[in-house]
Amino acid sequence: MSVLGCKIAGAALLRALWVGTLLVCHAAAQGSSTFTSPIDITGGRITIEAVAPDKDTGVVGAVQSPLVQGMAALARTPINSLFDGRWNGTPDQQAAGASPRQTSCDGPGGIKETIEAKAAKMGHTAFEITCNFATAGSVFVSKAAEGLYVSYQLFNNKGSFKVRNDVADARFSLTFALELTTLIHTGNTICSLRADAPVVLLHGVQIEPENAAASIHDFLNPSDLTKMELDAQAKERTTSISVNDVFQQLQDACNRGDIVSRVIAKFAQLETDISLPQGVTFRAVHPGIAAPRFQNVSLPFGQFTCVAGYVWRNAYEGDVVCVTPQRASQVQDENGLAKSRRDPNGGLYGEATCLAGFVWRVARSDDLVCVPPASRDLIAQENADAASKWVTGSTVPSLTRPSISAPPVVAAGANFNVSGQFFPPVADPTRLKLSFSRDTTSACIGGSSQLEVTKAGQVAAPATLKPSSNMSSCSYSYDVVGLTPSTAYSFRLRDCDYVTCSPWSAPFATTTLGPNNGPGPVAIVLDTGATLGTVAVDAAGGFLTSVRLPAETAPGVHRLTASTGGRGDTIELRVTPAGGETATLMVTIAFFGDVGCPMRELDPPKIAADYTFPLFGSGFSPGKVRIYLDSSNGGLNLGSATVGADGTFCSEFRAIPMDKLGQRNLVAVQGGTERSVLPVEVVYVPSVH
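Rules used in this analysis
- Residues numbered from 1 in each chain as written.
- Predicted model: local features only at pLDDT ≥ 70, side-chain atom pairs only at ≥ 80, totals over all residues.
- Heavy atoms only, no water.
- Phe/Tyr/Trp six-rings, centres within 6.5 Å; stacked < 30°, edge-to-face > 60°.
- Helix = DSSP H or I, 4+ residues; strand = E, 2+ residues; numbered from the N terminus.
- Buried < 20%, exposed > 50% of the residue type's maximum accessible area, 1.4 Å probe, protein only.
- Polar contact = N/O pair within 3.5 Å; in protein donor to acceptor, adjacent residues only side chain to side chain.
- Contact = heavy atoms within 4.5 Å.
- Arc of directions from axis to C-beta.

**Some details on the packing of aromatic side chains**
Part 1 of the argument: Scanning the entire structure with this criterion turns up 13 aromatic pairs.
Part 2 of the argument: Judged by centre distance (5.5 Å) and plane angle (65°), the rings of Trp-87 and Phe-133 are edge-to-face. Within this pair, whereas Trp-87 is found in helix 2 (residues 79-88), its partner Phe-133 is found in the loop between strand 6 (125-132) and strand 7 (138-144), the two being separated by 46 residues in sequence.
Part 3 of the argument: Residue classification places Trp-87 among the buried residues on the basis of a relative accessible area of 1%.

The structure is reproduced here in structure tokens:
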């Protein structure tokens, strides 16, 4: 006799099948996996367990708060009782005759329908078919590549039926084992847990005659009975019994798209453990969170912020070399003694000639303070070691420098705007901006970062930092406020999600600045020595201010400098006579960081074909000015601009077509008169992808 693809020989094996040593097989015809070493977990439970590193110790252990409320109830029900309840059905199903146990006998494809069909095929009529299924079963499990097979097995199921003919009713008894097999898919995460609909299998079907009529050989012979047995047990069908609903709450929580689902998704590993008498444990593992790192690229003075215990040397205005406070005091003493160490009678170097035994300090090339030779050597060494004393100077280079822009042509006595970027703002010694970097952006799901602040050796309770948005990820920067000037601080950071925390980061230590320490306002100075104005920079290091060019400034090319703390930028400025300026055109460009209209002259002037371009004009009359290519009479109209009261304009003009490559002229027309002509070269610039 064949039991679903497993070859069974002899009544002893068949009886063993009924009493509980069931050999679990899938029909070969179905192409299913075959496993022969199931584990009996009757009385065991299905447990979903979450484990994670402890927030403080890092020791991996069970998470106390259940991720999904109600999942703990699953662990309180033996797995066989779970199946028993589904097999026997709810009271409403039983009252309607629709429980799985009842429909397995009376329903479509059930025992009654199967016996009736087999008897009819043999020319007989089967009736009074009864079923007496077992109400409680055993549960076996076996691991497979795709998950876990769970087999619910009911032994010693009985039934009976009669077959009628003209002589007498033949009565037969029916004995069989029933198996419901389902595959629980595990996958890699806790959210992948789901169960297939069970398949119903009949095993060891045995039909025995019970009365004399049933024993009449020509009525229903043994070969007919054997065929009925084989046909019955080979039939495979699905059932409405499902255990997938025990995972449904978890699946619903995984699919909601809210913070809870994102927390559950952090359990990226799933382990399946089968043990007795516990049963089956699906263990979801939360990986550890990597410690964050301090980036500190936004310190009060960027790359020139000193490491803890050091201050700026201040040998000259803008000297940001970091030295000890004692050394900085010595340098200030040298500055105070500078005059007394010079030769009052002058000498080879005039007023800068040092007395015998003293040399120039040379903290920078124009530092002519007279000091002992040992101090000069120390200054040189401090300059060489400067990068190692800046917090980020040796590892995070600055890719920007202070830059300014202004109109390239200004009339003497005129007002004009000067803009600047990347200047060090005046530092607030009570505030520090901490910047962080991480190996992952997924920390802080349902949690937050914690910052521990140590002030002058005293550790405060960690502060909880607000996540970047909607409790979904950690913030990458944080403003620490209320600090005490000239005080040593140390900071540590860790990231926490709903379940666990990362280790603490390596500490970052610094000493806050003293009051009034750092760059002051930006001074805007002409090369004549005239200060045109001062302006404070904003928190981003930028400024925009209006200044006036002195009326007595000589026409020609001048240099304009804006600086603070020894850092700044110098640009060229073409000065024209007051009221006598000739109309002028310039092709301009903008540097990274420039604000407003591009005002840097491109010399020699070139224009990329098929691209719009900026143009600056000066010395025009207030009103409209129109720009043509090559000629105002039949030339290509490139657009117009509005000239301000100061006689200037800065505007974007239409692209010049590709067929106009080569040497061309830009012609400015006002009131029907050509005011200015600028020779340019129109060039081809390939697109960059």
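Still more ground to cover, so stick around.
**Regarding the side chain of Ser-405**
Part 1 of the argument: One can find Ser-405 in strand 20 (residues 403-405).
Part 2 of the argument: Taking the relative accessible area as the measure of exposure, Ser-405 reaches 6% and is therefore buried.
Part 3 of the argument: Only 2.8 Å separates the side chain of Ser-405 from the side chain of Ser-419, close enough to count as a polar contact.
Part 4 of the argument: In contact with Ser-405, not counting residues within four places along its chain, are Asn-417, Val-418, Ser-419, Ile-571, Asp-594, Val-595 and Arg-600.

**What to know about helix 8 (residues 245-255)**
Part 1 of the argument: Residues of helix 8 that are buried: Val-246, Phe-247, Leu-250, Gln-251, Ala-253 and Cys-254. The buried residues of helix 8 occupy an angular sector of 160° when projected down its axis, which confines them to one face.
Part 2 of the argument: Residues of helix 8 that are buried sit in contact with strand 4 (45-53), helix 2, strand 9 (169-185), strand 10 (194-195), helix 9 (259-265) and strand 14 (279-285).
Part 3 of the argument: Looking one or two places after helix 8, you find Gly-257, whose phi comes out positive at around 80°.

**Side note on the environment of Arg-559**
Part 1 of the argument: In this fold, Arg-559 is placed in strand 33 (residues 556-564).
Part 2 of the argument: The class of Arg-559 is partly exposed, set by a relative accessible area of 44%.
Part 3 of the argument: Arg-559 sits twelve residues away from Ile-571 along the chain, and the two C-alpha atoms are 5.7 Å apart.
Part 4 of the argument: In this structure, Arg-559 is in contact with Val-525, Leu-526, Asp-527, Thr-570, Ile-571 and Glu-572, ignoring residues within four places of it in sequence.

**Let's talk about unusual backbone geometry**
Part 1 of the argument: Cis peptide bonds are those with omega within 30 degrees of zero, and the linkage from Leu-276 to Pro-277 qualifies with 5°.
Part 2 of the argument: Examined against the element boundaries, Pro-277 turns out to sit in the loop between strand 13 (269-275) and strand 14.
Part 3 of the argument: Here the amide bond leading from Asp-603 into Pro-604 is cis, since omega sits at 5°, within 30 degrees of zero.
Part 4 of the argument: Among the secondary structure elements, Pro-604 is positioned in the loop between strand 36 (600-601) and strand 37 (606-608).
Part 5 of the argument: Positive phi, close to 70°, is recorded for Phe-422, a residue that is not glycine.
Part 6 of the argument: Mapped onto the elements, Phe-422 comes out in the loop between strand 22 (415-421) and strand 23 (432-437).
Part 7 of the argument: Phe-422 gets classed as partly exposed once you look at its relative accessible area, which sits at 22%.

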